[in-house]
Amino acid sequence: MRSFRFEYRNRPFEVRFGSDRAVELCLDGVVRKRRLPSGKAPMYLWTNVELQWEEHHFVEVRYWPRIGRLLITVNGNPIHDEVLPASGGTE
């Protein structure tokens, strides 16, 4: 399984790409959302996280499998946008 790790507000997040072409969004090593391909692009995952008392952050992941683009936003603001290198079994 390949993955992309990032940190937001000192918390570890990870986007995982499974051999079954599923995409997972993890926080602190725990899967928060998992999406199998449906033929629609982008694949979309999200989670609402309270990082400090009553401080909510809406983390969204969009992934376009055909081109390998990964876009991550928090509260609508892009924090990462990249075309990932191709890897067997995930495209």
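As the structure is a computational prediction, the values presented were derived from the model and not from experiment. (Residues numbered from 1 in each chain as written. Predicted model: local features only at pLDDT ≥ 70, side-chain atom pairs only at ≥ 80, totals over all residues. Heavy atoms only, no water.)

S.K.: Can you explain the side chain of Arg-2? Please cite residues and give values.
M.R.: With respect to the helices and strands, Arg-2 occurs in strand β1 (residues 2-8). A polar contact of 3.4 Å, which involves the side chain of Arg-2, links it to the side chain of Tyr-63. Within the structure, Arg-2 has its side chain in polar contact with the backbone oxygen of Pro-85 (distance 2.7 Å). (Helix = DSSP H or I, 4+ residues; strand = E, 2+ residues; numbered from the N terminus. Polar contact = N/O pair within 3.5 Å; in protein donor to acceptor, adjacent residues only side chain to side chain.)

S.K.: I'd like a description of the pattern of salt bridges, backed by residues and values.
M.R.: What the rule picks out here adds up to 9 salt bridges. Across the salt bridge formed by Glu-55 and Arg-9, the nearest N and O atoms sit 2.1 Å from each other. Taken together, the residues span a long stretch of sequence, with Glu-55 in strand β6 (residues 55-64) and Arg-9 in the loop between β1 and β2 (11-17) at a distance of 46 residues. On the basis of relative accessible area, Arg-9 is assigned to the partly exposed category, the value being 45%. Here Arg-69 makes a salt bridge to Asp-81, at a shortest N to O gap of 2.8 Å. (Salt bridge = Lys/Arg side-chain N within 4 Å of Asp/Glu carboxyl O. Buried < 20%, exposed > 50% of the residue type's maximum accessible area, 1.4 Å probe, protein only.)

S.K.: I'd like a description of the side chain of Glu-60, backed by residues and values.
M.R.: Of note, Glu-60 is situated in strand β6. Overall, the relative accessible area of 9% leaves Glu-60 in the buried class. Here Tyr-44 takes part through its side chain, which lies 2.6 Å from a polar atom of the side chain of Glu-60.

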